[in-house]
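Next come the chains, spelled out residue by residue.
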Amino acid sequence: MSGNGNSSEAGASDNKKRKQVRVWCDGCYDMVHFGHANSLRQAKALGDYLIVGVHTDEEITQHKGPPVFNEQERYEMVRAIKWVDEVVEGAPYVTTLETLDEYNSDFCVHGNDITTTAEGVDTYQLVKDAGRYKEVERTQGVSTTDLVGRMLLLTREHFRRGEREYTLEKDEHASTLATDSQARSPWTGMSQFLPTTRKIQQFSEGKEPQPGAKIVYVAGAFDVLHPGHLGFLKAARALGDFLIVGLHTDPCVNMYKGSNYPIMNLHERTLSVLACKYVSEVVIGAPYLVTPDLLDHFNVAVVAHGQAIPPNDPVTGDDPYAEPKRRGIFQTVDSGSDLTTQKMVQRIIAKRLEFEARNEAKEKKELAIIEALKKANNNV
């Protein structure tokens, strides 16, 4: 008996002595989307503590072109991703051993696409040569470049329905904006995003609310998450213990926003919202009218909405929040930001030529790297 006891004590001691594995990631993290979040999720799974370095506007402009979000907005967005433990502001564009050592990081993790400086140098070559680099799979079907393209071209392919739901067709401008399957670079070029239940499970906390928990419900499009969304979700979460986000369907969002909204389809918006640390659960395809059945099913104690007045149901003319108002559980919250998805789109349209040039230069650089790698492999 005593031998077994000593063995258990030794095992416990070994666990206490095990060194915390600290993982470093860095990047631009512009217009943070579920692809960024998935990369960070995979990186966190390789260790215990995830540190994310975010580059400055100046360095991004020098090496890639102008970012859509400024650095303060990008820092805020990365901090809100549930797998991130620490954010380093103004991280250098080229990852060095000195940076890893300064933050006691064991190794660096990046996706299996290539990132280079303006001079075409691999930004991770130094840590690769030192054996302190690991790679994770890049998420297919989404990129910041593609999202910018959707906004500039007013494309609607991302929320098709029926037999064409997941097809990507050639557009005359798409080769420079990477919005179709014919775009030439395998990283900048768009591919199909194929949602799976496994991916949703990986992003979901999978936790039920505790007995007696105060459940808060919010609903909306939450299209291309931005700091305004984050401020609202953080304020809504503070109203209770468990935050449920209802995501409207693509036709529903298009009905009240028009144009080519939503920019991201329902599957993409689901993963983006699930990656936010303030969110406990997501209702995929929530009804526009907040119904008694929905409130009762989830035992909702508070229904929150931003300060903007939502339009009435275009079919019935009803206030979508009439029921929670009748129950006395409706509250408006201030996000602390005036940024909206529409304002973000206006930023991009105002700088259309700069973004087109940025995307074209990025693709040319990537193609040059691919050709160099092919030549190197042929010479081996």
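Preceding block: the structure.
Residues numbered from 1 in each chain as written. Predicted model: local features only at pLDDT ≥ 70, side-chain atom pairs only at ≥ 80, totals over all residues. Heavy atoms only, no water.

This part takes up unusual backbone geometry. Omega for the bond connecting Tyr261 with Pro262 falls within 30 degrees of zero, at 0°, which places this linkage in the cis form. For Pro262, the position within the fold is in the loop between α11 (250–257) and α12 (266–274). Positive phi outside glycine occurs at Tyr29, with the angle close to 50°. On the secondary structure map, Tyr29 appears in the loop between β1 (22–27) and α2 (34–45). (Helix = DSSP H or I, 4+ residues; strand = E, 2+ residues; numbered from the N terminus.)

On to α2, then. Compared with an ideal rise of 1.5 Å per residue, which puts 12 residues at 16 Å, α2 spans 16 Å between its outermost C-alpha atoms and is within 8% of the ideal. Along α2, the residues that are buried comprise Phe34, Gly35, His36, Ala37, Asn38, Leu40, Arg41, Gln42, Ala43 and Lys44. (Expected span 1.5 Å × (residues − 1). Buried < 20%, exposed > 50% of the residue type's maximum accessible area, 1.4 Å probe, protein only.)

This next bit is on the pattern of salt bridges. Using the criterion set out here, one finds 13 salt bridges in the structure. The partner of Glu323 in a salt bridge is Arg326, and the shortest N-O contact between them spans 2.7 Å. Here Arg326 and Glu323 lie together in helix α14 (residues 322–327), a separation of three residues that amounts to about one turn. On the basis of relative accessible area, Arg326 is assigned to the exposed category, the value being 61%. Via salt bridges that share partners, Asp296, Glu323, Arg326 and Arg327 belong to a single interconnected network. (Salt bridge = Lys/Arg side-chain N within 4 Å of Asp/Glu carboxyl O.)

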